[in-house]
Structures are given as C-alpha cells and as structure tokens.
Amino acid sequence: MRIGMGYDVHRLIEGRPLILGGISIPYEKGLLGHSDADVVIHAIMDALLGAASLGDIGKHFPDTDPAYRGISSLALLQNVGTLLRENNFTVGNIDATIVAQRPKLSPYREQMTEQIANTLGISQNRVSIKATTEEGLGFTGTGEGISAYAVCLLEEIAAPV
Ligand code: MG
C-alpha cells in the first residue's frame, strides 16, 4: 500500500461558476484558474499521483497548455485514473477536506463523492469528502479563496505473470 497527500488553493472571484467535486454549486463567486479550478479534485489528483510517484498535476496538465483551458477537472481525474491502472495501482480510499467559509457545502457532499467515485470507476464508499470553515480566520475565512486537502491509499496490483 502507498499513501499520498495533496493540497490546493484557488482564489474566489466574481463572474466564475463555483465547481467543487465536479458539482456546480450556486454561489455569488467562483474559483479562478486555468481549468474549472475545482480545488478539491486538484488536491485529490495530487494525492493520487503522489502515492504512485508519478509527479503532480502541474507535470501532467500544465496550466500553460491551451488544451486545458476551462477543462472540467473530472476529465483530468479520469486521465489520472487511467494512468494509475496503467501503472498497476488501484485506489484503496480517498479522504478530502474542503476549507471554505461559505457557501455551506454539506448538501453537496453526497453528489461530489458519487461524481469522483464514478469518474475513477471505484465504489462510492472508497471516497470521502468533508467540509469545514476556518472560523473566519485567514484567506479562507475572509472568503478570498478556498483550499482543499486530500489523502489517499493506493494498492498495488500484482502484474500478470
Ligand atoms: Mg489547482
């Protein structure tokens, strides 16, 4: 078994949709980024790639590449899933925490875990998404941005003899 961790931050601005965990969430602001800026999926991808020693999302999906402009992070996550299978890894579990003062995210947790599990082709009970505020402190507390942490375990599949 191999452990991985990921962390990401994106700035909240007006005029962008808020996409978290592959779900569009009604809010007055959205996250700024080259892709759809789905901060929790970015953290999860870095955890998965890290556990597999396959680099990070900047290496695989550089934000200077026009191919990834506005792309759904679910599409990138699907690519990471394929990469893991090619390298004989299967996902044990993923646990992520989104840090956001607003909006309230608990109503969307179930949909997020479903999207992520389906995209990776794993059962939903292997994915956990949690949300917390930072009690008004720091850049998440003032609503300047949203951050996300993720950890995962990968299991190595024995290569066919
Ligand atoms: Mg990011």
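Higher on the page you've got the structure.
Source: prediction; values computed, not measured. (Residues numbered from 1 in each chain as written. Predicted model: local features only at pLDDT ≥ 70, side-chain atom pairs only at ≥ 80, totals over all residues. Heavy atoms only, no water.)

Brief notes about the overall build of the protein chain
When helices and strands are tallied, the protein chain shows five helices and seven strands. What you see in the protein chain, going N to C, is helices and strands ordered as β-β-β-β-α-α-α-β-α-β-α-β. Relative to a compact globule of 161 residues, whose C-alpha radius of gyration would be 15 Å, the protein chain shows 15 Å and is just as compact. Each principal axis of the C-alpha distribution contributes one length, and for the protein chain these read about 55 × 35 × 25 Å. (Helix = DSSP H or I, 4+ residues; strand = E, 2+ residues; numbered from the N terminus. Rg over C-alpha atoms; globule rule 2.2 N^0.38 Å.)

Describing the layout of surface pockets
In this model, the largest pocket occupies a volume close to 210 Å³. S35, H42, I57, F61 and D63 are the residues nearest the centre of the largest pocket, which is lined by 13 residues in total. Elements with a contribution of two residues or more to the lining of the largest pocket: α1 (39-51) and α2 (57-60). In terms of residue class, the lining of the largest pocket is made up of six nonpolar, six polar and one charged. In this structure, the second largest pocket encloses a volume near 150 Å³. What lines the second largest pocket is A100, Q101, R102, P103, K104, L105, S106, R109, A131, T132 and T133. Looking at side-chain class alone, the lining of the second largest pocket contains four nonpolar, four polar and three charged residues. (1 Å grid on protein atoms, 1.4 Å probe; cavity = no way out; pocket = protein on both sides within 12 Å on 5 of 7 lines; lining within 4 Å. Points joined across faces, edges and corners; volume = space filled by probe spheres on them. Nonpolar A, V, L, I, M, F, W, Y, C, P; charged D, E, K, R; others polar.)

Observations regarding the packing of helix α3 (residues 73-86) against helix α4 (residues 109-120)
Direction vectors running N to C along α3 and α4 enclose 45 degrees, while the axes themselves pass 8 Å from each other. Compared by their axis directions, α3 and α4 come out oblique. With respect to the hand of their crossing, α3 and α4 are arranged in right-handed fashion. Between α3 and α4, the contacting residues are L74, L77, Q78, G81 and R85 on the first element and Q115, I116, T119 and L120 on the second. Partitioned by chemical class, the residues of the contact of α3 with α4 number four nonpolar, four polar and one charged. (Axes fitted to C-alpha atoms, helices over the stretch in contact; angles between N-to-C directions. Parallel < 35°, antiparallel > 145°, perpendicular 65-115°, else oblique. Left-handed = near helix turned anticlockwise from the far one by under 90°. Contact = heavy atoms within 4.5 Å.)

Structural notes on the sheet that holds strand β7 (residues 145-156)
Spatially, β4-β1-β7-β5-β6 is the arrangement adopted by the five strands of the open sheet, whose pairing is mixed. Unpaired on one side and paired on the other, β4 (29-31) and β6 (127-132) mark the two borders of the sheet. Each adjacent strand pair in this sheet contributes to an overall mean axis angle of 20 degrees, direction not counted. In this sheet, β7 lies alongside strand β1 (residues 2-14) in antiparallel orientation, the contact comprising ten bridges. Counted as the bridge partner of G6 is A150 from β7. With respect to the sheet, α4 is in contact with β5 (89-99) and β6, its orientation differing from that of β6 by roughly 145 degrees. (Pairing = 2+ DSSP bridges.)

Digging into the packing of aromatic side chains
Evaluated as defined, the whole model comprises two aromatic pairs. On the basis of an interplanar angle of 45 degrees and a centroid distance of 4.8 Å, the ring pair of Y7 and Y149 is categorised as tilted. Here Y149 lies in strand β7 and Y7 lies in strand β1, a separation of 142 residues in the sequence. On the basis of relative accessibility, which here comes to 39%, the residue Y7 falls in the partly exposed class. A relative accessible area of 40% places Y149 in the partly exposed class. Ring centres 5.5 Å apart and planes at 80 degrees place the aromatic pair F61 and Y68 in the edge-to-face group. For F61, a relative accessible area of 12% puts it in the buried group. (Phe/Tyr/Trp six-rings, centres within 6.5 Å; stacked < 30°, edge-to-face > 60°. Buried < 20%, exposed > 50% of the residue type's maximum accessible area, 1.4 Å probe, protein only.)

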